[in-house]
Every structure is written in structure tokens, then in C-alpha cells.
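Chain and residue survey
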Amino acid sequence: MKKERKVGRSWFIGCSSRATLAAALMGCFIVCADASYAALGDCGQPVSTGSLPTASDALFILNAAVGAITCDVRICDVDANCTIRSSDALRVLRIAVGQNVLMSCQGPCFPTTTTTSTTLPPLPPACDTFVTKWGVFGASNGQFNGPRGVATGTGGNVYVVDSRNNRVQFFTATGGFLGRWGSVGQGLGEFDRPRYVAVAPNGNVVVSDRTNQRVQVFTSAGAALSAWGVFGTGNGQFFNPQGVAVDAGGNVYVADSGNDRVQKFTASGTFVATLGTFGSGPGQFDDPRDVAIDNAGNIYVSDTANHRIQKLDSGGAFVSSWGSLGNADGQFNLPHGISLDGLGSVFVADSDNHRVQQFDEAGRFVAAWGVSGSLDGQFRFPRGIAADGTGNVYVVDLDNHRVQKYTCGGP
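Owing to the predicted nature of the structure, the values given are computational and were not obtained by experimental measurement. (Residues numbered from 1 in each chain as written. Predicted model: local features only at pLDDT ≥ 70, side-chain atom pairs only at ≥ 80, totals over all residues. Heavy atoms only, no water.)

Here the focus is the environment of Gly229. Note on placement: Gly229 falls in the loop between β11 (224–228) and β12 (241–246). Remark: the alpha-carbon pair of Gly229 and Asn212, spanning 17 residues in sequence, is separated by 8.5 Å. Those residues in contact with Gly229 that sit more than four places away from it in its chain are Gln213, Arg214, Gly236 and Phe238. (Helix = DSSP H or I, 4+ residues; strand = E, 2+ residues; numbered from the N terminus. Contact = heavy atoms within 4.5 Å.)

Rendered as C-alpha cells:
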């Protein structure tokens, strides 16, 4: 059950006993657990006076976002970024029609006179300090042609999918060349435009072999172990598989992009479950390109053509989402690679904005870095991204044919 209370000039709906309320000292950010929703009570107060948001509230906020009318940002900004945008209206509309949405009220720009002993965890440090880079265009050792995915493994080794060279290369954490495997073909250990890579807890390397419509598994040194998948729409079949991730139990998750879903398999390739269908609603996808798993088993998906990140629980139930089309903080233009560092950060390769964005695991914005270019710290369509859990982040810089390395907490 919910009750409404007023704090200063803002309104919010308290979560029921089944949910968790977290309020920041400089504002309030409402989070309801187990897919319950939280929202501003009467977000469009100038339009309606009920205790819950309505479609008219959403329309009012949309008009404010496009400048047709004015609205106090304390009322109309519902995602705590201190700006009135169309995404605020969309979130209110989803609440009005009964969809589960994570929302905020009274962003941190506006202090209130109310304090609470319950606060959000602090944001993790930004990981935007450039360290080094390696790679140029070519086919020799350490060179790349359209690299895509990247992953870190035991000992700090870095695995890079060198897509147009139809191979995987692996390096030290500083870019020293260690080895490579693969060539063009359809046999075991061969590739046809491979895309993404993940490292399992046992050290095995999982690669999505896109145009061969399959997943392949290798030892850490590149010896081929197994492959599964064919073209199709059925369970265990693929239409251009892209991102791959492995959970603590060794289960493999594949972003089956052309089929607008994520598939889950055992370590040996036995089909377990399908997550998602085509669409733009909660738990639906449009051309998902990558997937990542956190320490609790939650599933994060780059919902690329919907320009957002979706978070699902370990069973595949929708938890939350964030993002919309744009180039402001927290917005995306075709997000691709996604990675978690196990320390509270989510990193996203915001490809067509030529940048990386960093969030916490609840979707709160932390930092963004990069612009279009070929200098250090610049990108041309970043694709894969990998965090190693020790403060390092590796980004595949597609059209610059290189890998860039960053670290956290720099000057």
C-alpha cells in the first residue's frame, strides 16, 4: 500500500513494506524492489490533482520539454538530472498505464529541509583516465581490421576479436602481443566475422561467430573445444549472434540480435531459456548487441536500437531501464558493448556518440568521456568494452583499429 507525503515543494509516493526506499540527503531518489514501481505523486500537479500520475501529467511534461509551456523543474524533472526532457514524460506515461518503471523525484540540484538516515550508496569513481593504446590497421600480429569485442581473463590477459581478420588476438594488460588463433572458414576454430568474446570462470574463451550463426568455445590459449548453433529462430538457433557473457556458474548468455532476444545456455551449449521478444516495452528488445552479468546474477542488456540499457533479474524478469536517443548524459545513440567491473560500475560503449558512459548498477550517471577523432581519448565508433575489476577499462575503437585502456580515480 502507498501513502503520499509532501517534502518541501516536492511530492512523492512512499513504497510499500515489500519495497526499499532510498532517499538522498540533497533530494530523494525512490527505488521500489521486486519490480514494484515508484514515481512522483501527481508529477503534473498543474494539470491534475490525483495521488498518482496520469496521461495528462505526461502530456504536460512533454510540452514543457519542448518549450511550449513552462514548468518548475522541481515538479517536471522526474529522473533527477535537473533537466526537463521527453524521457521524463515517457516515464510518467508508463506509470500512468501501469508499467514498472524506476523513477526519481527532486534531483540532487535542489536541497530540501528534510533529512533521512537512509541514503543512496556513493557513486563509484570515474574511470576516464587514459593509460595507453595499441593497434593499427593491418593483418600482422598486434594489428587489427575492424576489431569488435574485448574481454579480460586470468592473469590480466586481454582478448580482442579482430573481426575482419577472422581471428582472436590476446595481449598482456599493457598491449604486449601474446598470441592469436582463427582464420576464415566454417570449421571448428574458424570464423566468419566473429563479434564478441567472454572469459568463463574456468578460463575458457567464448566467441560469437556471427556469420556462421554459432558460438565457439576455446581454451585460454586458443585450442578449439566446441561449437553450437545454426541459423534460425528456434531455441538454440541464432540470427547474427553478438554479445556473449558467462555467469559464475558457467552459463553462457548470447545477445541473439537478429532475433531480438537473449538466449541462455549451459557451459556445454545446452539450451536453457530465451529472454525477451521484439518491441520497446520493458523486457523487450530491438537489435540487442551485448549482455553482461553482475555478481548477483542480474542481466544487463545493450538494447541497441531502443537506445537504452535494460536490467533483468537472474530469472529474466524486468527490473529497470535507462536511456533514450540523444547525446546528453545518460542518453545513447546505438549503445553496443557493456561491461561491469564487479565494484559497482556499468560501462557502455555509446557507439554513434563516439564515447563511453559509466553508470552505477542502478543506472545513475557517473561519467562520460570521448569525442569523435583519432587522438588519445577519442573514438570512432567504439564497440566492445571490458572492465577487469581492478580499476582498468579496455575499449575497442572500431574505425581507429585499436584498443584504448583507461583507469579509475585519476587526476
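From this point, things continue past the structure.
Inspection of every chain in the model, using the stated rule, returns 19 aromatic pairs. Between Phe170 and Trp181, the aromatic rings sit 5.8 Å apart at their centres with planes inclined by 55 degrees, giving tilted as the arrangement. Pair noted here: Phe170 is in strand β6 (residues 167–171) and Trp181 is in strand β7 (residues 177–181), with a separation of eleven residues, a long-range link. Among the residues examined, Trp181 registers a relative accessible area of 7% and is labelled buried. Aromatic side chains Phe332 and Phe359 sit 5.8 Å apart centroid to centroid with 55 degrees between the ring planes, which places their arrangement in the tilted category. With Phe332 in the loop between β19 (318–322) and β20 (335–340) and Phe359 in strand β22 (residues 355–360), this residue pair connects regions lying 27 residues apart in the sequence. Each member of the pair, Phe332 as well as Phe359, is classed as buried. (Phe/Tyr/Trp six-rings, centres within 6.5 Å; stacked < 30°, edge-to-face > 60°. Buried < 20%, exposed > 50% of the residue type's maximum accessible area, 1.4 Å probe, protein only.)

Turning our eyes to something else, we now look at the sheet that holds strand β8 (residues 194–199). Pairing is antiparallel across the open sheet formed by four strands, whose spatial order is β8-β9-β10-β11. Among the strands making up the open sheet, the edge pair consists of β8 and β11. Each strand of the sheet is rotated relative to its neighbour by a mean of 20 degrees, with strand direction disregarded. (Pairing = 2+ DSSP bridges. Axes fitted to C-alpha atoms, helices over the stretch in contact; angles between N-to-C directions.)

As for its position among the elements, Pro382 is in strand β24 (residues 382–387). C-alpha of Pro382 to C-alpha of Val356: the two residues are 26 residues apart in sequence and 7.8 Å apart in space. Setting aside chain neighbours within four positions, we find Pro382 in contact with Ala349, Asp350, Ser351, His354, Arg355, Val395, Val396, Asp397 and Leu398.

Turning our attention to the sheet that holds β12. Reading across the sheet, the four strands line up as β12-β13-β14-β15 and stay open at both edges, with antiparallel pairing between neighbours. The sheet is open, and its two borders are formed by β12 and β15 (271–275), each paired with just one other strand. Strand-to-strand twist in this sheet, taken as the mean axis angle between neighbours without regard to direction, amounts to 20 degrees. Pairing analysis gives four bridges linking β12 to strand β13 (residues 252–256), with the strands arranged antiparallel.

On to the pairing of β22. Consecutive side chains along a regular strand alternate between the two faces of the sheet. The element β22 is largely enclosed, with a buried count of six among its six residues. Judged by which residues are buried, β22 turns out to be covered on both faces: Arg355, Gln357 and Phe359 on one side and Val356, Gln358 and Asp360 on the other are all buried. When strand β21 (residues 345–350) meets β22, the two strands line up antiparallel, connected through six bridges. Paired with Val346 across the strands is Phe359, a residue of β22. In this antiparallel pair of consecutive strands, β21 and β22, the connection spans four residues, and His354 shows a positive phi of 55 degrees. The pairing of β22 with strand β23 (residues 365–369) spans four bridges and is classified as antiparallel. The residue of β23 that forms the bridge with Phe359 is Phe365. Connecting the antiparallel pair β22 and β23 is a turn made up of four residues, with Gly363 showing a positive phi of about 95 degrees.

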